[in-house]
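Notes for the structure review
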Amino acid sequence: MKTKIILFMLSVLLFCSVISAAERPNIILIMSDDMGFSDLGCYGGEIVTPRLDQLAAGGIRFTQFYNTARCCPTRASLLTGLHPHQAGMGHMTGAQHKEPGYRGDLLPNTVTIAEALKAANYRTYCIGKWHVTDQTDPNGSKHNWPLQRGFDRYYGIVTGAANYFDPHRLVRDNATISPFADPEYTSENEYYLTHALSDNAVKFIKDHKANTPDQPFFMYVAYTAAHWPMHAPEESVAKYKGKYDAGYKPVREARYARLQELGAISNQWELSPQANDWEQISNKKWESRCMEVYAAMISEMDKGIGLITDSLRETNLYENTVILFLQDNGACAENIGRTEITTQTERPEKPTFEPIAHDVIDPPLNNRTRNGYPVRRGKNVFPGPGDTYIAYGRGWANVSNTPFREYKHWVHEGGISTPLIIHSPSLINNSVKGKFYHEYGQLVDIMATCIDLAGTEYPKQRNGVAVTPLQGTSLKPAFEGKSLQRTVPLFWEHEGNRAIRDGKWKLVAKGPLGEWELYDIETDRTELHNLAAQNLQLVETLSKQWNDWAVRANVLPWPWNKQDDNIVPDKSRGVKLKFDFTADSKNIADISGKQNKISVHGNIEFVAKDGFSARYFDGNSYIEIEKSPALYCAQTAWSVDAAVRAEKPDGVILAYGGTRYGYSLFLKSGKPAFAVRIDGEIFTAAAENVIEIDQNISNNLVSIKGVITPEKKAELYVNGKKNATINLPDFIIENPVEALQIGTDLGGKVNGLDLPKFKGWIEQIEIKRN
């Protein structure tokens, strides 16, 4: 009898577990790329997004949900439920550092949502942009590729950006493929990445229904839209023709009014300043076209999301599926492809390169297309086709982020605010469907929500290694309009930009040396009225909380600041770095008496003659300087001063940075010049007169000095006399990622010129904050 009772109870438990598994919802997590807060129709935008609007009408919309300001950190945080640095992604893939928070590769003591849901018997699928590993070589390690991180199937790009018509590093499961020779997928029309991602998501859903109908599934769909390059089918772009011809202001104002009308923002919040002046745009048709293509990219993504939801209905999975949609960062103000000077604005009549066969995997396509046409960049190159490579620029990014200020990279509201739409026919209470939810949340909450929905537990170990504890709060109470009962503040850090939000108060700063700003988000979410000076005690309390979190979460020490393990750099210390070549040493004095190691390339000779000492650069040699806090140049006024004797009229004296941010001192035709790169655009202050060029070591020592003023001007001084001034749109807003080089500019050319290495003598270089 006992045996029968035990068997009966076991059968009941088994039956209950099957019922429980059957009731677990499917979860589809959709994320777009480089979009602003107000782009979607259901968040005030004019861009046509009927399928997302439909999900919003049947679900809930968060008005204060936050990402982490940049693609890699956001993806790492979203997938692991940790802050980016805890996952090893404090910066970007490829920016490898020994500090655990900045490895550029998911750390082994982390688990992904896919790995966590395996314990609840979920099938797992990944579509789109991966971008959380520095190992993207198809012949290299794949330890952090999707299939090694818990996913059963994958289709997408493992890198961060690609040509939409011929993507690089396109992967199916674990194999890199050509988009034109994929046995599992052939596009009905011209291959377009957004369409391919949507189609393969639909394929995975239908295959799941056919092969594993008794298991729930988790699907992560990471669109590349609307990340540069601006590529879209011409028929989609045509639908927006002329829509943006009136410029930035009317679009911003219409979005601002619509957001207020919808109830997504408070009427108390002022509209942030407009970034660019439409009347100063020389080619308005070109500028309008950039936004037309951007809008088309979003509309094509929206259509694809519609195909995904349609497939759920066709497979009878719609009612039991939770769909979440969000964005990886604020709109992107990067000027990729916009500033180059080009005479080739139109496609040539015939290909200028030999065509590459369709079955060739990952051919070199940086400057050419597979069918042999050159890739066109620069002002007046109209984006859209696959042989162009253009971003839509700061003016339109400012529109996308309406009503907030700042952009991707920064942790002011424009950089971190994202729509969050959650849709579930069966789990969201009818009383809240179609409404806005005004409590704040952050990326770390998504993993916690998925764990809650799946009725499982967050793993404590992965491959025998203890896992960092989950950091977020489940959003499931919002499904019934209830409070999340959040008990801890939200924190951010990226590239030294940092913030903490606790209740209505937000403390935020630009860059490691930026001063703290304090805002009352309830009354001033557009961050226009800094209250720090009136609330010094609150600033001190919140900054200490941020600092404590930063130490705890692998944010500090910053990889570029070895001298301070647990404090934010203090402006009062000053920054001064003097490269003194008047002593025969390969070490260069740094601030605080530290030694800054250098790499010497070629034969750089110590010269001492007639009382003159210097390093002689023979035209084939240069010095590379390891990064130090003294090289920090972002968000501040500073100067660089070089004392040289030149033997040749052309050459780079000094360069720090590359094609996005940096500065350079150089000679061109014997004339000194100071070039500054800000968001890809080059600003050059050049002298009108040549300096003395002489092979004799006794010629006059020349001081060439570049200055960034507090008024955001670049000034060039020659022997103490101002020679040239040029206005800048901003300070260098991001510290350059390339090393400082003396005597050359390898890699990305800061000044945009292909100049030879410097030949002559350099006696001293001094960099200091003004």
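Residues numbered from 1 in each chain as written. Predicted model: local features only at pLDDT ≥ 70, side-chain atom pairs only at ≥ 80, totals over all residues. Heavy atoms only, no water.

1. Some thoughts on the overall build of the chain
Per the secondary structure count, the chain includes 12 helices and 32 strands. Out of the 770 residues belonging to the chain, those deemed buried represent 61%. Considering only residue pairs separated by 6 or more positions, the chain has 71% of its internal contacts joining residues 24 or more positions apart. For the chain, the computed accessible surface area is about 29,600 Å², with 50% contributed by carbon and sulfur atoms. (Helix = DSSP H or I, 4+ residues; strand = E, 2+ residues; numbered from the N terminus. Buried < 20%, exposed > 50% of the residue type's maximum accessible area, 1.4 Å probe, protein only. Contact = heavy atoms within 4.5 Å. Areas by Shrake-Rupley, 256 points an atom, 1.4 Å probe, with all protein chains shown as cover.)

2. Topic: helix α11 (residues 444-454)
Judged by how many residues are buried, α11 sits mostly within the fold: 10 of 11 residues are covered. The complete set of buried residues in α11 reads Val444, Asp445, Ile446, Met447, Ala448, Thr449, Cys450, Ile451, Leu453 and Ala454. With its phi angle positive at about 65°, Gly455 sits one or two positions after the end of α11.

3. Some words on the sheet that holds strand β15 (residues 505-509)
Taken in spatial order, the four strands of this open sheet run β13-β14-β15-β16, and their pairing is antiparallel. Each edge of the open sheet is held by one strand with a lone partner, namely β13 (490-494) and β16 (517-520). Put simply, the sheet's adjacent strands are angled 15° from each other on average, direction ignored. (Pairing = 2+ DSSP bridges. Axes fitted to C-alpha atoms, helices over the stretch in contact; angles between N-to-C directions.)

4. Side note on the nonpolar core
Ile28, Tyr155, Ile653, Tyr663 and Phe674 are the most contacted members of the largest nonpolar core, which has 124 residues in total. Top element by residues in this core is helix α8 (residues 284-314). It accounts for 13 residues. Excluding its chain neighbours within four sequence positions, the residues that come into contact with Ile653 are Ala642, Val644, Leu665, Phe666, Leu667, Ile704, Gln741, Ile742, Gly743, Phe758 and Ile762. Formed by 55 residues, the second largest nonpolar core is a distinct cluster that contains Leu29, Leu324, Ile422 and Ile428. (Core = buried A, V, L, I, M, F, W, Y, C linked by side-chain atoms within 4.5 Å.)

5. Quick word on the packing of helix α5 (residues 193-211) against α8
Direction vectors running N to C along α5 and α8 enclose 10°, while the axes themselves pass 9 Å from each other. Taken together, the axes of α5 and α8 lie roughly parallel to each other. For the pair formed by α5 and α8, the contact residues are Thr194, His195, Ser198, Asp199, Ala201, Val202, Ile205 and Lys206 on the first element and Glu300, Met301, Gly304, Leu307, Ile308, Ser311, Leu312 and Glu314 on the second. A class-by-class count of the residues in the contact of α5 with α8 yields seven nonpolar, five polar and four charged. (Parallel < 35°, antiparallel > 145°, perpendicular 65-115°, else oblique. Nonpolar A, V, L, I, M, F, W, Y, C, P; charged D, E, K, R; others polar.)

6. Some points on the packing of aromatic side chains
Summed over the entire model, instances satisfying the criterion amount to 25 aromatic pairs. A ring pair is formed by Tyr656 and Tyr663, whose centres lie 5.8 Å apart and whose planes are at 90°; its orientation type is edge-to-face. Relative accessible area serves as the criterion here: at 0%, Tyr663 is assigned to the buried category. Taken together, the ring pairs connect Phe37, Tyr43, Phe404 and Phe436 into an aromatic cluster. Against the face of Tyr373 rests Arg347, its NZ or CZ located 4.4 Å from the ring centre. (Phe/Tyr/Trp six-rings, centres within 6.5 Å; stacked < 30°, edge-to-face > 60°. Lys NZ or Arg CZ within 6 Å of the ring centre and 35° of its normal.)

7. Description of the state of the cysteines
Per the counting criterion, the structure on display carries zero disulfides. Free of any disulfide, Cys332 has its nearest cysteine sulfur in Cys71, 8.6 Å distant. Judged by relative accessible area, Cys332 falls into the buried class, the value being 4%. (Disulfide = S-S within 2.5 Å.)

8. Brief notes about the pattern of salt bridges
As enumerated under the stated definition, the model contains 41 salt bridges in all. Residue Arg338 is joined to Glu287 by a salt bridge in which the shortest nitrogen-to-oxygen separation is 2.8 Å. In this pair, Arg338 is assigned in the loop between β8 (321-327) and α9 (394-400) and Glu287 in helix α8, connecting sequence segments 51 residues apart. Side by side, Arg338 and Glu287 carry an identical accessibility label, which is buried. Salt bridges sharing partners connect three or more residues here, namely Arg153, Arg172, Asp173, Asp182, Glu184, Lys203 and Asp207. (Salt bridge = Lys/Arg side-chain N within 4 Å of Asp/Glu carboxyl O.)

9. Re the environment of Gly306
In this structure, Gly306 sits in helix α8. Owing to a relative accessible area of 0%, Gly306 belongs among the buried residues under this scheme. For the pair formed by Gly306 and Thr49, sequence separation is 257 residues and the distance between their alpha carbons is 9.6 Å.

10. Comments concerning the sheet that holds strand β7 (residues 217-222)
The strand order across the open sheet built from 10 strands is β6-β5-β4-β3-β7-β1-β8-β9-β2-β10, with neighbouring strands paired in mixed fashion. The open sheet is flanked by β6 (175-176) and β10 (435-442), the only strands paired with a single partner. Bridge analysis of strand β3 (residues 123-128) against strand β4 (residues 153-157) gives three bridges, and the strand direction is parallel. Pairing of Tyr125 across the sheet is with Arg153, part of β4. Lying over the sheet, α5 contacts β1 (26-32), β3, β4, β5 (170-172) and β7, oriented at roughly 170° with respect to β3. In the packing of α8 onto the sheet, contacts are made with β1, β7 and β8, and the angle to β8 comes to roughly 170°.

11. Digging into the environment of Asn267
If you trace the backbone, Asn267 turns up in the loop between α7 (248-262) and α8. Sequence-wise, Asn267 and Tyr256 are 11 residues apart; in three dimensions their C-alpha atoms are separated by 9.5 Å.

12. Considerations on unusual backbone geometry
The amide bond that connects Trp228 to the next residue, Pro229, takes the cis arrangement and shows omega of 5°. Relative to the helices and strands, Pro229 is located in the loop between β7 and α6 (234-238). A positive phi angle is found at Asn554, which is not glycine, with a value near 70°. Looking at the secondary structure, you find Asn554 in the loop between α12 (536-552) and β17 (576-580). Residue classification places Asn554 among the partly exposed residues on the basis of a relative accessible area of 25%.

13. Section: the confidence of the model for the chain
Summing up the model confidence of the chain, the mean pLDDT is 88 and the portion of residues at 70 or higher is 86%. Counting contacts from residues 1-19, a segment whose pLDDT is below 50, to residues more than four positions away or on other chains yields zero contacts. pLDDT under 50 marks residues 583-597. Its contacts with residues more than four places away, or in other chains, come to 37 contacts. (pLDDT = per-residue confidence, 0-100.)

14. Observations concerning the pairing of strand β14 (residues 497-502)
β14 sits mainly inside the fold: five of its six residues count as buried. Across five bridges, the pairing between β13 and β14 is antiparallel. By the bridge assignment for β14, His494 is matched with Asn497. The turn joining β13 and β14, which pair antiparallel and follow one another in sequence, is formed by two residues; a positive phi near 55° is taken by Glu495. As judged from the five bridges shared by β14 and β15, these two strands associate in the antiparallel manner.

15. Some remarks on α5
Its 19 residues place the ends of α5 26 Å apart at the C-alpha level, agreeing with the 27 Å of an ideal helix rising 1.5 Å per residue. Restricting attention to buried positions, one finds in α5 the residues Leu193, Thr194, Ala196, Leu197, Ser198, Asn200, Ala201, Val202, Phe204, Ile205 and His208. Where α5 is buried, its residues touch β1, β3, β4, β5, β7 and α8. (Expected span 1.5 Å × (residues − 1).)

16. Section: the side chain of Ser38
With respect to the helices, strands and loops of the structure, Ser38 is situated in the loop between β1 and α2 (50-57). Polar contacts involving the side chain of Ser38 include one to the side chain of Arg255, which spans 3.0 Å. Only 3.4 Å separates the side chain of Ser38 from the backbone oxygen of Thr402, close enough to count as a polar contact. (Polar contact = N/O pair within 3.5 Å; in protein donor to acceptor, adjacent residues only side chain to side chain.)

17. Some details on the environment of Gln86
Inspection of the secondary structure assignment puts Gln86 in the loop between α3 (71-80) and α4 (113-118). Judged by relative accessible area, Gln86 falls into the buried class, the value being 8%. Considered as a pair, Gln86 and Gly101 are 15 residues apart in the sequence and their alpha carbons are 5.9 Å apart. Setting aside chain neighbours within four positions, we find Gln86 in contact with Leu107, Asn109, Thr110, Thr468, Gln471, Ala553 and Asn554.

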